[in-house]
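Each chain, letter by letter, is given below.
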Amino acid sequence: MEFNNKKLERTSRLINYVIAIALCWFLILLSGKVMDDVDEWEERPDVEAFQNKELLDSLNAAMQSIEEEVEQRHEKVASLENTARLAKSNYDNARESFDNWLKARRTIGSPKEDKAVIARAEKLDEYYLIEQEWRQELAVMMQGIQELEERKAALRLLEQQEQARAYDERTVAIRKYDLKVFLIRLLVILPILLLGIFFIVRLRKHKYWPLFLGFVLFAFYAFFFGLVPYLPSYGGYIRYAVGIILSIALGIYAINIIRAFIERKKNELKVSSTERAKAVKAETAEKALDNHMCPSCGKDFIVKRWDNTTGEKKKNEGSFGYVTNFCRFCGLELFKKCNACGTENYAHLPFCSGCGAKVTKK
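Parameters at a glance
Residues numbered from 1 in each chain as written. Predicted model: local features only at pLDDT ≥ 70, side-chain atom pairs only at ≥ 80, totals over all residues. Heavy atoms only, no water. Helix = DSSP H or I, 4+ residues; strand = E, 2+ residues; numbered from the N terminus. Buried < 20%, exposed > 50% of the residue type's maximum accessible area, 1.4 Å probe, protein only. Contact = heavy atoms within 4.5 Å. Areas by Shrake-Rupley, 256 points an atom, 1.4 Å probe, with all protein chains shown as cover. Salt bridge = Lys/Arg side-chain N within 4 Å of Asp/Glu carboxyl O. Phe/Tyr/Trp six-rings, centres within 6.5 Å; stacked < 30°, edge-to-face > 60°. Patch = residues over 30% accessible without salt bridge, like charges linked within 9 Å, V, L, I, M, F, W, Y side chains within 5 Å. Core = buried A, V, L, I, M, F, W, Y, C linked by side-chain atoms within 4.5 Å. pLDDT = per-residue confidence, 0-100.

Attention shifts here to the overall build of the protein. Scanning the protein from terminus to terminus reveals seven helices and four strands. Going from the N terminus to the C terminus, the protein shows its helices and strands as α-α-α-α-α-α-α-β-β-β-β. Within the protein, the fraction of its 362 residues that count as buried is 25%. Within the protein, contacts between residues separated by at least 24 positions form 57% of all contacts whose residues are at least 6 apart in sequence. For the protein, the exposed surface amounts to about 25600 Å²; the carbon and sulfur share of it is 59%.

Pasting the structure below:
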């Protein structure tokens, strides 16, 4: 079976990615265990650690005592209300009886001189006074309950103030704790990130690049998922500031890379086509041929049918256009005839497609 270089290249690229992803995955799992252990070095602050337990216990005990006393007084109030209703009922019944009796006495004699009338009126006043006494005692009891409720409200306010103070101190402690956790993670992840950047800059052409790529992927994962979420917020200022700094730094780096590439291509185009032809690698030439592009300037070498910039049409004109032997934009020779058999070949591939002779670059 014929050896297929493209299949081997795709297969090797796939294997390299699998190796990189597998290494990255296991590094992520290992770092997760390490970070979990790091987070357990110090316990996260709890609000109970900042509360004055003695004060809160005394306040709760006082409020509990007040609640019990209020409950007892409510029971007494219920009893007093029943007694007051009974006294009022007795008074109402006596008043009705007195009125009926008084009407009957008027038919007999003068009620003003009747001693029985006076005696029954005094008895009626006694019922009324009894009712008023119970009403007064009920009012005193309700006043006492109101005072107890006010005392309980004052104690509740003290408890809330103590809770608020504890939560404020806990907020400050949590900020310190989060900053400490972030610094610990930064101490662990920053060297990993710097090492990953070093691998990208210096070792991209290394034969073990798939392993380095796995570490690079892990480094960026550790940075964005293991460090950035733990970045102290302080109202968002720190995170936004870090985002701005990273955007500027990466933007400057990308702009410099692009400008350097453009300048390098411009300088390459200033070199003679013969020298540029010698510098074209077989891998680059193969990709350029597949994409019908010039391997030097990257422009398309197929001339469209409606393009008249090259003058007369060629005999190899197809449905979409025809191919020129030289690049119209940088002058590089693209196709040439074999010195041995005369077959026209792509000038930057190493061997002739007709006879297998080596293609020489001028």
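This paragraph deals with the side chain of Glu159. In this structure, Glu159 sits in helix H3 (residues 115-202). A relative accessible area of 12% places Glu159 in the buried class.

Moving on: the pattern of salt bridges. In the structure shown here, the tally under the stated rule is four salt bridges. Where Glu159 meets Arg156, a salt bridge forms, and the shortest distance between an N and an O atom there is 2.9 Å. Of this pair, Glu159 and Arg156 both sit in helix H3, separated by three residues, roughly a single helical turn. Note that Arg165 is salt-bridged to Glu169, the shortest N-O span being 2.7 Å. You can see Arg165 and its partner Glu169 sitting in helix H3, four residues apart, about one turn around the helix. Classification of Arg165 as partly exposed rests on a relative accessible area of 30%. According to the relative accessible area criterion, Glu169 is partly exposed, its value standing at 35%.

We now examine the packing of aromatic side chains. For the structure shown, the criterion picks out six aromatic pairs. When the ring of Phe198 is compared with that of Phe199, the centres are 6.2 Å apart and the planes differ by 55 degrees; the resulting orientation is tilted. A relative accessible area of 40% places Phe198 in the partly exposed class. Note on Phe223 and Phe224: the rings are 4.9 Å apart at their centroids and 80 degrees apart in plane angle, and the pair reads as edge-to-face. Owing to a relative accessible area of 14%, Phe223 belongs among the buried residues under this scheme. Members of the aromatic cluster, connected to one another through ring pairs, are Phe198, Phe199, Phe212, Phe215 and Phe218.

A few words on a nonpolar patch on the surface. Taken together, the side chains of Leu190, Leu194, Ile197, Val201, Phe220, Tyr221, Phe224, Phe225, Val228, Tyr253 and Ile257 define a hydrophobic patch exposed on the protein surface, amounting to about 1000 Å² of accessible area. Counting only elements with at least two residues in the nonpolar patch, the list comes to H3, helix H4 (209-226) and helix H5 (237-270). Turning to its location among the elements, Val228 is positioned in the loop between H4 and H5. For Val228, a relative accessible area of 33% gives the class partly exposed.

Next up on the list: the side chain of Glu162. Its location among the elements puts Glu162 in helix H3. Beyond its immediate sequence surroundings of up to four residues, Glu162 is in contact with Phe50, Gln51, Asn52, Leu55 and Leu56.

Okay, the environment of Thr83 next. Considering the arrangement of structural elements, one finds Thr83 in helix H2 (residues 53-106). Sequence separation between Thr83 and Trp134 is 51 residues; the distance between their C-alpha atoms is 7.1 Å.

Attention shifts here to the nonpolar core. Ranked by internal contacts, the top residues of the largest apolar core, which has 21 residues, are Ile192, Phe199, Trp209, Phe212, Phe215, Phe218 and Leu227. Breaking this core down by element, the ones donating at least two residues are helix H1 (5-39), H3 and H4. With nine residues, the top contributor of residues to this core is H4. Those residues in contact with Leu227 that lie beyond four places of it in its chain are Phe182, Arg185, Leu186, Ile189 and Ala222. Counting eleven residues, the second-largest nonpolar core is a separate cluster that includes Met63, Val70, Val77 and Leu148.

On to the confidence of the model for the protein, then. Parts of the model with low pLDDT should not have their predicted coordinates read in detail. Looking at the protein as a whole, the pLDDT averages 76, with 78% of positions reaching at least 70. Highest mean pLDDT in the protein belongs to H4 (88); lowest belongs to helix H6 (residues 273-279) (62). Note that residues 310-318 has pLDDT below 50 and, in this model, 17 contacts with residues that lie over four places away or in other chains.

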